[in-house]
Amino acid sequence: MYRYDEFDARLVGERVAQFRGQVERRLSGELSEEQFKPLRLMNGLYLQLHAYMLRVAVPYGTLSSLQMRKLAHVARKYDKGYGHFTTRQNIQYNWPALVDVPDILDDLADVEMHAIQTSGNCIRNVTSDQFAGAAADEVEDPRIWCEVIRQWSTFHPEFTFLPRKFKIAVTASQNDRAAIRLHDIGLRIHKNDAGETGFEVIVGGGLGRTPYIGHTIREFLPKKHLLSYLEAVLRVYNLEGRRDNLYKARIKILVNAGGVEKFTDLVEAEWAAIRKSEIDLPGEEIDRIRAYFSPPDFEDLPAESAALEQKRTSDGAFARWLRVNTVVHKAPGYAIVNISLKPVGGIPGDISDVQMEAVADLAAQYSQDEIRATHEQNLVLPHVKKDDLYAVWQALTAQELATPNIRLVSDIIACPGLDYCTLANTRSIPIAQRISERFADLEQQEDIGELKIKISGCINACGHHHVGHIGILGVDKKGEEFYQITLGGSGAEDASLGEIVGRGLSSGDAVGAVEKLVDYYRENRQDNERFIDTYRRIGADPFKEALYAAA
Amino acid sequence: MKAITGNRLSDGAVVYLGDNDLWTEQKSEAARFDDGDVAPVLHAAQLRVREITDAYIIDVSADGAPAGRAIIRETIRGAGPTVRGDLGLQAECCA
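Right, let's talk about the domain arrangement of chain A for a bit. One frequently used descriptor of interface size is the decrease in accessible area upon assembly of the parts. Each assigned domain of chain A is listed here: domain 1 (6-109), domain 2 (142-292), domain 3 (306-398) and domain 4 (413-548). Computed over C-alpha atoms, the centres of domain 2 of chain A and domain 3 of chain A are 33 Å apart.

So, in structure tokens, the structure goes:
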């Protein structure tokens, strides 16, 4: 893992001290709320419905046991005993007192954590594939480049006041687990015909009230030019992006309004002008960062584990969890373990301080001290020996962290919605809870197969409803909550935007609607088709009919 | 009728302007104003910058319950998240 050098440590320390002074001046009345608000947002502190909310950065979703223990400590000491993992691999606390926040940030700084780049119109915390460094299908560890981007983007003076927030995601796999086509910039590391690795650069994706799939503006960018090229993209956006209209300020509007060719020309022209300057990192600096991400010392193990096979045969519940929640690792004899934060009837992404401590223990004992947060609001133990999987499963089960539902119908993304969020029009979490209860039967879930349900409580789309195989958007109609269903979205390598299928439904009917859609899929699927495959083959109309005609 | 609400500066807790001009966490203790009288009260409340933040006017019924378009929002805001009955004011009352 990356460890802070003296500059990182000083930067974070100075920022906490600065914010402590700003909080004091706000409390004394020296600063008005108008003056203070942008300052607190620069430190991840929002005001929500019931209280303040602090969003803590988990750069590219990677955490050590020590860091997870500190997150548990913060939940226990300053909050109400839990935290909430978000769709950007960060964690949010829902109840911190303003007066405590400087102390919280001090505590976090002790373990090289902070809340920088989690809010405001800057380049936000960079996200990545949660299986980075472990995935069998990756070209290389994308976190090296995430860290390069983090260092370049943190407090970048030219990009501190962009027209709007700016999100970058990086993957190094054909199987997109980081939703790169839905980001302001998505980067995919791949090999060209000559066998060299470089970036596919995708720009202008995003959700919200005007969703777009990103456009590839460069098929292959040599890795050494990453920063100068990113700088060119950001510079064009900073100059040309709209500042007169909040709803048209994201780069997706700039790219799509003027056309992707025009945008690409502007970027290439800017890049031609600046690429020979000293923006790109020298090779030795990249090597220095790469060294932090050298693979752990994997033991030389046989590909299969006899102990595991014996348990797989004798324990059906364990066998199901293995099938659903573990993933092939690149090292023989190892596996990637998904930790579900979606128990039946639970709140997607929520985790108690006790559970955080348990995950930290497991990571320390079984996973090379590493934990990952996923953009689907789950956690991952990336490097677990197959011999240890049974023990890990038992420990996770004891903490209600072993629900075998990864990628299945109850593995739902839901924004906090009107239960917490001041922007929301409706609640989201209760819909997720009711759906997971309706589909509680694990055998049925596994039979249904991959099905991504994503729920947002307003058009800002924090719950990614546009890219749910089934998306649910909450809308307020004269003080009543209604839910609009979209079908056919995907946030993966086959990215697509869902289509609205009809009138809004009450919360009770929305859950029933999902059941009708799933039933229709099961009756009409062919071979091993997933829900999304069947939808794409037969189109929206039969599903609409199944949903509304029978009622 | 109208009432004034905001978040307490020090900890963000939801508060209402009470009859005695003090802030209270109890919605039932919120002072109620006729529609035409509330604007200057809000203005005065907003000047109390060391006490609260984000003060605004809400619709309430004659007995002080949230009313009008924002009824769900204001009910949840006052009580606590509906998905965590153990948190917020809802956990403290009526136990």
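All names here are of chain A. Taken in spatial order, the five strands line up as 3-14-15-12-11 in an open sheet, and their pairing is antiparallel. Every interior strand has two partners, whereas the edge strands, strand 3 (62-64) and strand 11 (326-328), have only one. Taking each pair of neighbouring strands and ignoring which way they run, the sheet shows an average axis angle of 30 degrees. Relative to strand 12 (residues 334-339), strand 11 runs antiparallel, the two sharing three bridges. Each residue of the ladder has a partner; that of V328, found in strand 12, is A335.

Geometrically, a packed helix pair is captured by the angle between its two axes and the distance between the axes. Residues and elements named next belong to chain A. Their axes nearest at 8 Å, the elements helix 6 (residues 226-240) and helix 8 (residues 260-274) cross at an angle of 125 degrees. One element, helix 6, and the other, helix 8, form an angle in the oblique class. In this structure, the crossing between helix 6 and helix 8 has a hand that is right-handed. Contacts between helix 6 and helix 8 involve S228, Y229, E231, A232, V233, R235 and V236 from the former and L266, V267, E270, W271 and I274 from the latter.

Residue and element names in this part refer to chain A. Here five strands make up an open sheet; going across it, the order is 16-17-18-19-20 and the pairing mixed. Two strands in the sheet have a free side with no partner beyond their single neighbour: strand 16 (413-414) and strand 20 (499-500). Examined bridge by bridge, strand 19 (residues 480-487) and strand 20 share two bridges and lie antiparallel to one another. Residue pairing across strands places T486 opposite I500, the latter belonging to strand 20. Contacting strand 16, strand 17 (453-456), strand 18 (470-477) and strand 19, helix 14 (residues 429-438) crosses the sheet at an angle of about 155 degrees to strand 17.

Turning next to the interface of chain A and chain B. Every contact between the two is made by 24 residues of chain A and, on the other side, 23 residues of chain B. The residue inventory of the side of chain A that touches chain B, partitioned by class, reads 13 nonpolar, five polar and six charged.

What follows is about the nonpolar core. One finds V233, I453, I455, I472, V514 and L517 of chain A to be the most contacted residues of the largest nonpolar core, which totals 92 residues. Residues lining this core come from more than one domain, with at least three contributed by each of domain 2 (142-292) and domain 4 (413-548) of chain A. Setting aside residues no more than four positions away along its own chain, I472 of chain A makes contact with I431, I453, I455, H465, Y483, I485 and A510 of chain A. In this structure, A132, A135 and F318 of chain A together with V14 of chain B belong to the second largest nonpolar core, which totals 79 residues.

So, about the packing of helix 14 of chain A against helix 16 (residues 507-524) of chain A. All names here are of chain A. Interhelical geometry of helix 14 versus helix 16 gives an angle of 40 degrees and a closest axis separation of 10 Å. The pairing of helix 14 with helix 16 is recorded here as oblique in orientation. Viewed along their axes, helix 14 and helix 16 form a crossing whose handedness is right-handed. Within the contact between the two elements, helix 14 uses P430, I431, R434, I435 and R438 and helix 16 uses S507, A510, V511, V514 and E515.

The rules behind each value
- Residues numbered from 1 in each chain as written.
- Chains lettered and ligands numbered in written order.
- Predicted model: local features only at pLDDT ≥ 70, side-chain atom pairs only at ≥ 80, totals over all residues.
- Domains from an automatic or database assignment.
- Pairing = 2+ DSSP bridges.
- Helix = DSSP H or I, 4+ residues; strand = E, 2+ residues; numbered from the N terminus.
- Axes fitted to C-alpha atoms, helices over the stretch in contact; angles between N-to-C directions.
- Parallel < 35°, antiparallel > 145°, perpendicular 65-115°, else oblique.
- Left-handed = near helix turned anticlockwise from the far one by under 90°.
- Contact = placed C-beta atoms within 7 Å.
- Nonpolar A, V, L, I, M, F, W, Y, C, P; charged D, E, K, R; others polar.
- Core = buried A, V, L, I, M, F, W, Y, C linked by C-beta atoms within 7 Å.
- Buried ≥ 20, exposed ≤ 12 C-beta atoms within 10 Å, placed from the backbone.

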